[in-house]
Amino acid sequence: MPSGQPAAGTPRIGFIGAGQLGVALAWSLARAGYRVIGAASRSQASAARLAGGIAECRAYDSAQHLVDDADLIVIAVPDDAIASATRSLAWRERHAVIHCSGATEVLALAAAAAQGASIGGFHPLQTFTNTEAAIKTLPGCTVGIEAEEPLLGQLTEMAKALGCHPIRLPAGARALYHASGSFAASFLVGLINDALALWSAFGVEREDAFRALLPLTKGTVAALEANGPIRSLAGPIARADVGTVERHIAALRAHAPALLPTYLDLARRSLPIADAKGGASREKLNALRALLDRVGP
Ligand SMILES: NC(=O)c1ccc[n+]([C@@H]2O[C@H](COP(=O)([O-])OP(=O)(O)OC[C@H]3O[C@@H](n4cnc5c(N)ncnc54)[C@H](OP(=O)(O)O)[C@@H]3O)[C@@H](O)[C@H]2O)c1
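Since this is a predicted model, take the numbers as computed values, not measurements. Along each chain, numbering runs from 1 in the same order as the chain's sequence is written. It should be noted that, the model being predicted, local features are given only for residues of pLDDT at least 70 and side-chain atom pairs only at 80 or more, the latter also being counted only at that level, while totals for whole chains, interfaces and linings use all residues. Think of the side-chain values as coming from all heavy atoms in the structure, minus any hydrogens and water.

Colleague: Explain the overall build of the chain to me, and be specific about the residues and the numbers.
Modeller: Every helix listed is a DSSP run of H or I at least four residues long, and every strand listed is a run of E at least two residues long, numbered separately from the N terminus. What the chain contains, in helices and strands, is 13 helices and eight strands. Only C-alpha atoms enter the radius of gyration, while the globule expectation follows 2.2 Å times N to the 0.38, with N the number of residues. Computed over C-alpha atoms, the radius of gyration of the chain comes to 24 Å, more than 25% over the 19 Å expected from 2.2 N^0.38 for 297 residues, which places it beyond the range of a compact globule. By principal-axis analysis of the C-alpha atoms, the chain measures approximately 70 × 40 × 35 Å. Buried residues are those whose accessible area, probed at 1.4 Å on protein chains only, stays under 20% of the maximum for their type, while exposed residues exceed 50% and partly exposed ones sit between those limits. Going through the 297 residues of the chain one by one, you find that 41% of them count as buried. In the chain, 58% of the contacts between residues at least 6 apart in sequence involve partners at least 24 apart. Carbon and sulfur atoms make up 57% of the accessible area of the chain, which amounts to about 15,600 Å² in all. In this analysis, two residues are considered to be in contact whenever any of their non-hydrogen atoms come within 4.5 Å of each other. The accessible surface values rely on the Shrake-Rupley method and a 1.4 Å probe; as for residues, cover is taken only from the protein chains in view.

See the structure below:
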């Protein structure tokens, strides 16, 4: 349970929405010395859970009363509810209002800006599915921030106080920035799911396949961390091993034809990495490219 002491002079922070992100962020901010004064949510139970973890924090039954008492309001509701939740409230010039969505434009908070409030985006680039785990993984992650000064400076300091790396997002960049997270996180899960499916073709249980593949994934992530994205590429594409890739293609065509286009696409996309790494000659890489082009689009 969080135990930070509110620091004098920091804004009074209120949370609207007390789900996975709201609770983890509110508790982390309180631990970092910020004054989280209250929460309002669709259900009183969620607001009470958030407030229960922070000294001198209240569960409000009216979001408007919370807004009236706070200076900085974090709108931590699902993306589709950000604009309507903001529109339903009355704002003042002293308010700063932020949302935590990666892909939603800051203009979803336009109703608050129209009444004189400052608006911004504060998106921790991390997955929050469990409060305690989220609080542990928040330090070290990046926070995508979009705001004008002086709010930009305040949010940058807040990210640093959480142990995060602030990065300023230019206007209009959010969707692309968030899509990059899909490649680095959710699609990785999808690829591992595909990898597991291949093992069923030779009779190995999914659980055993997962145990076999997970150390490989962890080793690759460790290599990425240590050596960066170019030097971490290993395997037949990095070596331009045409014979092995031919065998992969034949096996996929026979047992998992639906995965062949993905294999070919990812193999092609790996060729420039192999080239930059320099572990195989241009001639061998060209031969590999020719094989991939012969097999399909
Ligand atoms: N979870 C993540 O991994 C993650 C990571 C980065 C950013 N974010 C962003 O954080 C925001 C919140 O996501 P989340 O994962 O925390 O969602 P969540 O777990 O579904 O929580 C949403 C919370 O908002 C409350 N709520 C829903 N509609 C509301 C409304 N109209 N007025 C007031 N409260 C309302 C919910 O109500 P009750 O519980 O009271 O029923 C719930 O407490 C989103 O913008 C999301 O994109 C999430």
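Colleague: Before we move on, could you go through the packing of aromatic side chains and cite the residues and values that matter?
Modeller: Note on aromatic contacts: the rings of Phe and Tyr and the six-membered ring of Trp form a pair at centre separations within 6.5 Å, being stacked when their planes are under 30 degrees apart, edge-to-face when over 60 apart, and tilted otherwise. Taken as a whole and judged by the stated rule, the model has two aromatic pairs. Between Phe 183 and Phe 187, the aromatic rings sit 5.3 Å apart at their centres with planes inclined by 85 degrees, giving edge-to-face as the arrangement. With Phe 183 and Phe 187 both in helix α8 (residues 174-200), this residue pair falls four residues apart, about one helical turn. For the pair Trp 199 and Phe 202, a centre-to-centre distance of 5.3 Å together with 40 degrees between the ring planes defines the contact as tilted.

Colleague: Could you give me a rundown of the layout of surface pockets, with the residues and numbers involved?
Modeller: Roughly 2,300 Å³ of internal volume is contained in the largest pocket. Any residue with an atom within 4 Å of a point lines the site, the site being either a cavity, points on a 1 Å grid over the protein atoms alone where a 1.4 Å probe fits but cannot get out, or a pocket, an open set with protein on both sides within 12 Å along at least 5 of 7 lines. In terms of lining, the largest pocket is formed by 43 residues, of which the most central are Leu 188, Leu 191, Thr 220, Leu 266 and Ser 270. Contributing elements (two or more residues each) for the lining of the largest pocket: α8, α9 (206-231), α10 (236-239), α11 (242-255) and α12 (260-277). In terms of residues, the lining of the largest pocket owes the most to one element, α8, which gives eleven residues. Lys, Arg, Asp and Glu make up the charged group, whereas Ala, Val, Leu, Ile, Met, Phe, Trp, Tyr, Cys and Pro make up the nonpolar group; the residues left over, Gly among them, are polar. A breakdown of the residues in the lining of the largest pocket according to their chemical character gives 29 nonpolar, nine polar and five charged. Grid points are joined across faces, edges and corners, and a volume is the space filled by probe spheres set on the points.

Colleague: Quick rundown of the packing of α11 against helix α13 (residues 282-295)? Include the residues and the values.
Modeller: Axes, fitted as lines to C-alpha atoms, cover a helix only where it is in contact. Angles between the N-to-C directions of the axes lie from 0 to 180 degrees. Their axes nearest at 10 Å, the elements α11 and α13 cross at an angle of 15 degrees. By the criterion of interaxial angle, the relationship of α11 to α13 is roughly parallel. The two elements α11 and α13 meet at a crossing, and its hand is right-handed. Of α13, the residues touching α11 (which contributes Val 242, Val 245, Glu 246, Ile 249 and Arg 253) are Lys 284, Ala 287, Leu 288, Leu 291, Leu 292 and Val 295. Its residues assigned to classes, the contact of α11 with α13 comprises eight nonpolar, no polar and three charged. Note that the term roughly parallel is reserved for angles under 35 degrees, roughly antiparallel for angles over 145, roughly perpendicular for angles of 65 to 115, and oblique for everything else. Note: crossing handedness is left-handed where the near helix turns anticlockwise from the far helix by less than a right angle, and right-handed where it turns clockwise.

Colleague: Can you lay out the packing of α11 against α12 for me, pointing to particular residues and giving the numbers?
Modeller: At a closest axis distance of 9 Å, the pairing of α11 and α12 adopts a crossing angle of 160 degrees. With respect to their mutual orientation, α11 and α12 come out roughly antiparallel. Of the residues in α12, those touching α11 at Val 245, His 248, Ile 249, Leu 252 and Arg 253 are Leu 260, Tyr 263 and Leu 264. Taken together, the residues of the contact of α11 with α12 break down into six nonpolar, one polar and one charged.

Colleague: How would you explain the site of the ligand if you had to name every residue and give the values?
Modeller: One heavy atom suffices: a residue is near a molecule or strand as soon as one of its heavy atoms comes within 4 Å of it. Near the ligand you find 20 residues, and of these Ser 41, Ser 43, Ser 46, Asp 79 and Phe 128 are the closest. The term polar contact refers here to a pair of N or O atoms within 3.5 Å; inside protein, the definition further demands a hydrogen-donor-capable atom paired with an acceptor-capable atom, and it admits residues adjacent in sequence only when both atoms are side-chain atoms. A distance of 3.1 Å separates an oxygen atom of the ligand from a polar atom in the backbone of Ala 18. Isolated, the ligand exposes 900 Å² of accessible area, and the fraction of that covered by the protein chains is 75%. For the shell around the ligand, the secondary structure elements donating two or more residues are α1 (20-31) and β6 (118-124). Here the shell around the ligand is built from residues that sort into eight nonpolar, ten polar and two charged.

Colleague: Outline the confidence of the model for the chain, supporting the account with residue identities and numerical values.
Modeller: Each residue carries a pLDDT score, the predictor's confidence in it, ranging from 0 to 100. Summarising the model, the chain shows a mean pLDDT of 95, and 97% of its residues fall at 70 or more. Within the model, pLDDT remains below 50 along residues 1-7, and this stretch shows 17 contacts once partners closer than five positions in the same chain are excluded.

Colleague: Pulling in residues and values, what's your account of the environment of Val 143?
Modeller: Within the secondary structure, Val 143 is located in strand β7 (residues 142-146). Among the residues examined, Val 143 registers a relative accessible area of 0% and is labelled buried. In the structure, Val 143 is positioned 17 residues away from Gln 126 in sequence and 8.7 Å away in space, judged by C-alpha atoms. Other than its neighbours up to four places away in sequence, Val 143 contacts Phe 122, His 123, Pro 124, Ala 159, Cys 164, His 165, Pro 166 and Ile 167.

Colleague: Tell me about the pairing of β6, and please be specific about residues and values.
Modeller: In regular strands, side chains alternate between the two faces of the sheet. By the criterion of burial, β6 is predominantly enclosed, with six of the seven residues buried. A strand pair is defined by DSSP finding two or more bridges across the two strands. As paired elements, strand β5 (residues 96-99) and β6 share four bridges and run parallel to each other. Along β6, the bridge assignment pairs His 99 with Gly 121.

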